[in-house]
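Here is how the chains run, residue by residue.
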Amino acid sequence: MKSRPVHAGNGVPKGSEETLYCICKKPDTGKWMIGCDGCDDWFHGECVNVRPVEEELVDQYFCPGCQEKNLGITTWKRRCRLPSCQRPAATNAQPPSKYCTPEHGVEFFKSKITLADYTPGEVASLANAVNDAAGFQKLGDNVPAPSSPSDRAKIENLLVVDFQKLEPQKEAISLQQSRLATRSKFITMTKDRQKRVADELRAEENQSSKGSKEICGFDMRLALDDEDFAEWCESEEGKLIFENGTISGREDLCVKKKCEKHKYWLRIAIEDMELEERLITEGSTLITNEENELRKRQNIKSLMEENQRLR
Ligand SMILES: [Zn+2]
Ligand SMILES: [Zn+2]
Ligand SMILES: [Zn+2]
Ligand SMILES: [Zn+2]
């Protein structure tokens, strides 16, 4: 994408015709504009529905007219995975990252850990666990349950109430789990389409030209963050794609050969899923630990009561 021109203070020099831009055919009013990579004209963000905050995220911009003429489609850079961040992810870094900065990686991780009362030290060790899942703390020793059946029944009843407090966390984890499954399906469909469209292009060109028909294959929807992607999945278009199990057509597909911009898309998508999987596993472990902890506490209470009765 081109950077926008420096706007001259008072606009048009005397005597010259006012230059008209955009689909609205109006002059430069000093408002934010975006340049089209097809026709080189400039467009008011407001007129073409691109927000200034998205400037850094636009990869290539094609105006409505150029899109109509099939000169290209607007492509977006992958956004930093931290939902509040509007900066592009450092996908060209080595290794490619799904965050704009390492700091945002840590912040994202913290935001995902919603279980109660973590000390900063614990969060830090969890953040480390992203790279070393093995280092996760083990569950403490178990306390034996009381011998009396009625005491044990009482504990089970109390635990039902205790465990209920963990329901929101359990729900959050199962939501993450189903989103991961959806993303994984989508990535498979994206890979299928990459292959299919490459085959189609080969057929269209009648095998006349040699050279690779490998295409980038990046689907623009892969750049959506978790929330936006989930929303898209629930749209008519999304539902249809998942029902059919295939992405037909070439919409939102990058067909470039040797595409620099999305070079690592599959690798990043896979890393994303691996991170998500670790978060889910760690989240489940935390819940299990918490449940064991609650059980342990009830057991201790009950054993103390038992001792008092025996005195
Ligand atoms: Zn306009
Ligand atoms: Zn254009
Ligand atoms: Zn960021
Ligand atoms: Zn591409």
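As the structure is a prediction and not an experimental result, all values here were calculated from the model.

1. Remarks on the overall build of the protein
1) Next: Within the protein, the secondary structure is distributed over nine helices and four strands.
2) Next: Looking at the protein as a whole, 18% of its 311 residues qualify as buried.
3) Next: A separation of at least 24 residues holds for 57% of the contacts in the protein among residues at least 6 apart in sequence.

2. Remarks on the confidence of the model for the protein
1) Next: Taken over all residues, the pLDDT of the protein has a mean of 82, while the share at 70 or more is 82%.
2) Next: For the protein, the element scoring lowest by mean pLDDT is helix α4 (residues 120–129), at 52; helix α8 (residues 236–244) scores highest, at 96.
3) Next: A low-confidence stretch, residues 6–15 (pLDDT under 50), is modelled with four contacts involving residues beyond four sequence positions or located in other chains.
4) Next: Segment residues 129–141 is flagged for pLDDT under 50; beyond a separation of four residues in sequence, or across chains, it makes twelve contacts in the model.

3. What about unusual backbone geometry?
1) Next: The phi torsion at Lys25 lies on the positive side, around 50 degrees, for a residue other than glycine.
2) Next: The topology assignment puts Lys25 in the segment before β1 (33–35).
3) Next: Looking at Lys25, the number of C-beta atoms within 10 Å reads 7, which means it is exposed.
4) Next: For Asn70, which is not glycine, the phi dihedral falls at a positive 60 degrees.
5) Next: Relative to the helices and strands, Asn70 resides in the loop between α2 (64–68) and β4 (75–76).
6) Next: The class for Asn70 is exposed, based on 9 C-beta atoms found within 10 Å.

4. Examining the packing of helix α7 (residues 226–234) against α8
1) Next: For the pair α7 and α8, interaxial distance at closest approach is 4 Å and the crossing angle is 75 degrees. Classified by the interaxial angle, the pair formed by α7 and α8 is roughly perpendicular. For the pair α7 and α8, contact is made by Trp232, Cys233 and Glu234 and by Gly238, Lys239 and Phe242, respectively.
2) Next: Its residues placed into classes, the contact of α7 with α8 shows three nonpolar, one polar and two charged.

5. Considering the environment of Lys257
1) Next: Note on placement: Lys257 falls in the loop between α8 and α9 (265–310).
2) Next: Take Lys257: there are 12 C-beta atoms within 10 Å of it, and that puts it in the exposed class.
3) Next: On a C-alpha basis, the gap between Lys257 and Lys213 in space is 7.3 Å, while along the polypeptide they are 44 residues apart.

6. Digging into helix α6 (residues 167–204)
1) Next: For α6, with 38 residues, the first-to-last C-alpha span of 55 Å sits near the 56 Å given by 1.5 Å per residue.
2) Next: Along α6, the positions that sit buried rather than exposed are Ile173, Phe186, Thr190, Arg193 and Gln194.

7. Quick word on the packing of helix α5 (residues 149–164) against α9
1) Next: With their axes 10 Å apart at the nearest point, α5 and α9 run at an angle of 145 degrees to one another. Crossing hand, α5 versus α9: right-handed. Of α9, the residues touching α5 (which contributes Asp151, Ile155, Leu158, Leu159, Asp162 and Phe163) are Glu291, Leu294, Arg295, Gln298, Asn299, Ser302 and Glu306.
2) Next: Looking at side-chain class alone, the contact of α5 with α9 contains five nonpolar, three polar and five charged residues.

8. Notes on α8
1) Next: Within α8, only zero of the nine residues are buried, leaving the element largely exposed.
2) Next: Gly245 sits one or two positions beyond α8 and adopts a positive phi of about 70 degrees.

9. Some thoughts on the environment of Glu55
1) Next: In this structure, Glu55 sits in the loop between α1 (45–48) and β3 (58–60).
2) Next: Under the C-beta neighbour-count criterion, Glu55 is labelled partly exposed, with 16 such atoms within 10 Å.
3) Next: Sequence-wise, Glu55 and Pro88 are 33 residues apart; in three dimensions their C-alpha atoms are separated by 10.0 Å.

Rules behind the numbers
- Residues numbered from 1 in each chain as written.
- Chains lettered and ligands numbered in written order.
- Predicted model: local features only at pLDDT ≥ 70, side-chain atom pairs only at ≥ 80, totals over all residues.
- Helix = DSSP H or I, 4+ residues; strand = E, 2+ residues; numbered from the N terminus.
- Buried ≥ 20, exposed ≤ 12 C-beta atoms within 10 Å, placed from the backbone.
- Contact = placed C-beta atoms within 7 Å.
- pLDDT = per-residue confidence, 0-100.
- Axes fitted to C-alpha atoms, helices over the stretch in contact; angles between N-to-C directions.
- Parallel < 35°, antiparallel > 145°, perpendicular 65-115°, else oblique.
- Nonpolar A, V, L, I, M, F, W, Y, C, P; charged D, E, K, R; others polar.
- Expected span 1.5 Å × (residues − 1).
- Left-handed = near helix turned anticlockwise from the far one by under 90°.

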